[in-house]
Amino acid sequence: MRNTLILIAAGGSALLLAGAFVFQFLGYLPCEMCLWQRWPHAAAALIGALAFTVPHRIWPWLGAVAAAITSGIGFFHAGVEKGWWPGPTSCTGGGGGGLSGDLLSTEGPRLIMCDQVSWELLSISMAGWNALFSAGLVLIWIAAARART
């Protein structure tokens, strides 16, 4: 049972990460906060692989922490998108500083704003869906940690 739950939780993170890359391939470029949400999913997938190769009771707890981190970032990002609280000035419209250079230039990197929703379903953005699904993964990781081998 424990191994099945670990497989489901780690596989869920791997699928959410793959989904992010599919959306990126379809033209929905990620913002800075979107990229932050990917790292804990990668960690959770790696933790799942380690749980099968180096068995130890700590792995499901670490998986739960990784899923909780990405869920927290997702909830924070969704709140920034809804205007409930300010986001990082590096990727929101509230950034300070003056403009310099040719404003019509297409050279250089394109800044994707963290406070703009690029896609949503049922009025929930990608960040919001990540937060919800990742919260579910936290529960699965915890069930795996509490399960007998």
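Up top you'll find the structure we're talking about.
Each value, and the rule that gives it
Residues numbered from 1 in each chain as written. Predicted model: local features only at pLDDT ≥ 70, side-chain atom pairs only at ≥ 80, totals over all residues. Heavy atoms only, no water. Helix = DSSP H or I, 4+ residues; strand = E, 2+ residues; numbered from the N terminus. Buried < 20%, exposed > 50% of the residue type's maximum accessible area, 1.4 Å probe, protein only. Contact = heavy atoms within 4.5 Å. Areas by Shrake-Rupley, 256 points an atom, 1.4 Å probe, with all protein chains shown as cover. Polar contact = N/O pair within 3.5 Å; in protein donor to acceptor, adjacent residues only side chain to side chain. Expected span 1.5 Å × (residues − 1). Disulfide = S-S within 2.5 Å. Core = buried A, V, L, I, M, F, W, Y, C linked by side-chain atoms within 4.5 Å.

Peer 1: Just to check I follow, could you spell out the overall build of the protein chain for this structure?
Peer 2: Along its length, the protein chain carries four helices and two strands. What you see in the protein chain, going N to C, is helices and strands ordered as α-α-α-β-β-α. Counting the 149 residues in the protein chain, one finds 35% classified as buried. Relative to all contacts within the protein chain whose residues are 6 or more apart in sequence, the contacts with residues 24 or more apart total 76%. Roughly 9,100 Å² of accessible area belongs to the protein chain as shown, and the carbon and sulfur atoms make up 69% of that amount.

Peer 1: Help me out: how do you make sense of the side chain of Gln37 in this one?
Peer 2: In this fold, Gln37 is placed in helix α2 (residues 32-53). The exposure class assigned to Gln37 is buried, which follows from its relative accessible area of 5%. Polar side-chain contacts of Gln37 include one of 3.0 Å to the side chain of His77.

Peer 1: Got a minute to help me understand the environment of Ile8 in this structure?
Peer 2: Locating Ile8 in the fold gives a position in helix α1 (residues 2-25). In this structure Ile8 comes out as partly exposed when scored by relative accessible area, which is 44%. As for Ile8 and Trp141, which are separated by 133 residues in sequence, their C-alpha atoms are 8.7 Å apart. Here Ile8 is in contact with Leu137 and Ile140, once residues within four sequence places are set aside.

Peer 1: I would appreciate a short explanation of helix α4 (residues 126-146) in the present structure.
Peer 2: Since one α-helical turn is 3.6 residues long, residues separated by three or four positions face the same way. Taking 1.5 Å per residue, 21 residues should reach 30 Å; α4 reaches 30 Å between its end C-alpha atoms and fits that length. Taken together, the buried residues of α4 touch α1, α2, α3 (58-82) and β2 (124-125).

Peer 1: I tried to follow α2 on my own but got confused; where do I start?
Peer 2: With 22 residues, α2 should reach 32 Å at 1.5 Å per residue; the first-to-last C-alpha distance of 33 Å fits that figure. Those residues of α2 lying buried are Met33, Gln37, Arg38, Pro40, His41, Ala44, Ile47, Gly48 and Ala51.

Peer 1: What exactly am I supposed to notice about the state of the cysteines here?
Peer 2: Disulfides are covalent bonds that link the sulfur atoms of two cysteine residues. Under the defined criterion, the tally for this structure stands at zero disulfides. Cys34 forms no disulfide, and the closest cysteine sulfur to it belongs to Cys31, at a distance of 3.3 Å. Residue Cys34 is classed as partly exposed on the basis of its relative accessible area of 24%.

Peer 1: Please clarify how the nonpolar core should be interpreted in this entry.
Peer 2: Here is a general trend for soluble globular proteins: nonpolar side chains tend to be buried in one another's company. Counting residues in each nonpolar core, the largest one holds 16 residues, and the members touching the most others are Ile6, Ile47, Ala67 and Trp141. Counting residues per element, the ones that place at least two in this core are α1, α2, α3 and α4.

Peer 1: How do you make sense of the environment of Gln116 when you look at a structure like this?
Peer 2: With respect to the element layout, Gln116 can be found in the loop between α3 and β1 (120-121). Through-space distance from the C-alpha of Gln116 to that of Cys91 is 9.7 Å; in sequence the pair is 25 residues apart.

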